[in-house]
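Chain by chain, the residues:
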Amino acid sequence: MFDFIKKNLQKIYSSITTNLLTIFTAKKISQESLEEIERILITADTGITTTKKIITALNEQFAQGLITQGSQLQTALEQQLIQTLTITQTPQESSTIFLLLGINGSGKTTFAGKLAHSFIAQGKTCLLAAADTFRAAAPAQLQSWAHQSKAEIFMGTANQDPAAIAFGACQQYQKNHTDILIIDTAGRLQTKENLMKEITKIKKVIEKQLPGKKIHTLLTVDAMLGQNSFDQAKVFHEAVKVDGIVLTKIDGTGKGGIIFSITQQLGIPVEYISFGEGMSDLKKFDAQEYVTNLTGSSQTTL
Ligand SMILES: Nc1nc2c(ncn2[C@@H]2O[C@H](COP(=O)(O)OP(=O)(O)O)[C@@H](O)[C@H]2O)c(=O)[nH]1
Ligand SMILES: [Mg+2]
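Scope of this entry: the structure provided in the associated data block. Computed from a predicted model, the values in this text were never measured in an experiment.

1. Focus on the pattern of salt bridges
And step 1. On inspection of all chains with the given rule, the structure shows seven salt bridges.
And step 2. With a shortest N-O distance of 3.4 Å, D222 and K249 are connected by a salt bridge. Residue D222 is found in strand 5 (residues 215–222), and its partner K249 is found in the loop between strand 6 (244–248) and helix 11 (258–266); the two are separated by 27 residues along the sequence.
And step 3. E238 serves as the salt-bridge partner of K234, at 3.5 Å between the closest nitrogen and oxygen. Of this pair, K234 and E238 both sit in helix 10 (residues 227–239), separated by four residues, roughly a single helical turn.
And step 4. Look at E238 and you get partly exposed, because its relative accessible area is 44%.
And step 5. Put simply, K214, K241 and D243 are held in one network by salt bridges that share partners.

Right, here's the structure in full:
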């Protein structure tokens, strides 16, 4: 765990943790300490609505004299942040079909490869479906991931209807009795209507081919894009019901606060974090671990 923290969340540290450390070590906190926390959260992409909610809760505790020292403020802030991230999750344990959504470049194909790798490491068999026919290089990119992770792959032909590829993939999945099916899709952010149509069509095909199987819809969100990512997640969620978020490129940002507004305002849980281009750079999301990394308290236990 500490290796993960050191290597991959280092940039987040430098921006948030350093600033918080001074406040958390103070013997006595003041109204200014809370204002400083508000500023840090906003700078870290936490978003105004979410930050306000957290600060209001902390202000109340401060006014009641419940928090007077930096260390108490740290605990109270961590509780608020963890609470923000803790929302009911659609259980994915029983799901064997994963449908990946997200704008171009947000990390879908990379995530597909990593997810396949994690299932294969658990002894499961896995089929990747290249339903992104919009970009010519996309199927080859997925093929390379299939090769690395030792997953099967189903590829259609250039410009073939994504739903037709999903159909072929379902057939291969059934024929080979594969455990897991992961469907990579195109990422162009079209009109909401087109997006809904395309995804609905793919979903219908799967439901017809594999009746009774639950489809787990995951949306990749680029952590580096800050509030833009929030707006995209909103569009996708309005078009298609998103079950979970995969926060990608967390290794490339000094912020990482966007996760709080997505969870809180859209009500979608974060399920995975992706932090690099390697096959193992993927982790199931853990709210407590994420928050204590941000606030630095996991560092102090080192
Ligand atoms: N640093 C870093 N790069 C990533 C991560 N995930 C994806 N990428 C890179 O981002 C680019 C776009 O990723 P890709 O999976 O092709 O996105 P897609 O268009 O949504 O399928 C590629 O160059 C990936 O190598 C990540 O977690 N960290
Ligand atoms: Mg792709």
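Anyway, onward from the coordinates.
2. Here's the deal with the site of ligand 1
And step 1. Contacts to ligand 1 come from 16 residues, most closely from G105, T110, D251, S274 and E277.
And step 2. Within the backbone of S106, one N or O atom sits 3.3 Å away from an oxygen atom of ligand 1.
And step 3. Between ligand 1 and the protein, one listed contact pairs an oxygen atom with a side-chain N or O atom of Q141 at 2.8 Å.
And step 4. For ligand 1, whose unbound accessible area comes to 580 Å², protein coverage reaches 80%.
And step 5. Ranked by residue count, the leading element in the shell around ligand 1 is helix 6 (residues 108–121), at four residues.
And step 6. The residue inventory of the shell around ligand 1, partitioned by class, reads two nonpolar, nine polar and five charged.

So, how was this worked out
Residues numbered from 1 in each chain as written. Chains lettered and ligands numbered in written order. Predicted model: local features only at pLDDT ≥ 70, side-chain atom pairs only at ≥ 80, totals over all residues. Heavy atoms only, no water. Salt bridge = Lys/Arg side-chain N within 4 Å of Asp/Glu carboxyl O. Helix = DSSP H or I, 4+ residues; strand = E, 2+ residues; numbered from the N terminus. Buried < 20%, exposed > 50% of the residue type's maximum accessible area, 1.4 Å probe, protein only. Near = heavy atom within 4 Å. Polar contact = N/O pair within 3.5 Å; in protein donor to acceptor, adjacent residues only side chain to side chain. Areas by Shrake-Rupley, 256 points an atom, 1.4 Å probe, with all protein chains shown as cover. Nonpolar A, V, L, I, M, F, W, Y, C, P; charged D, E, K, R; others polar.

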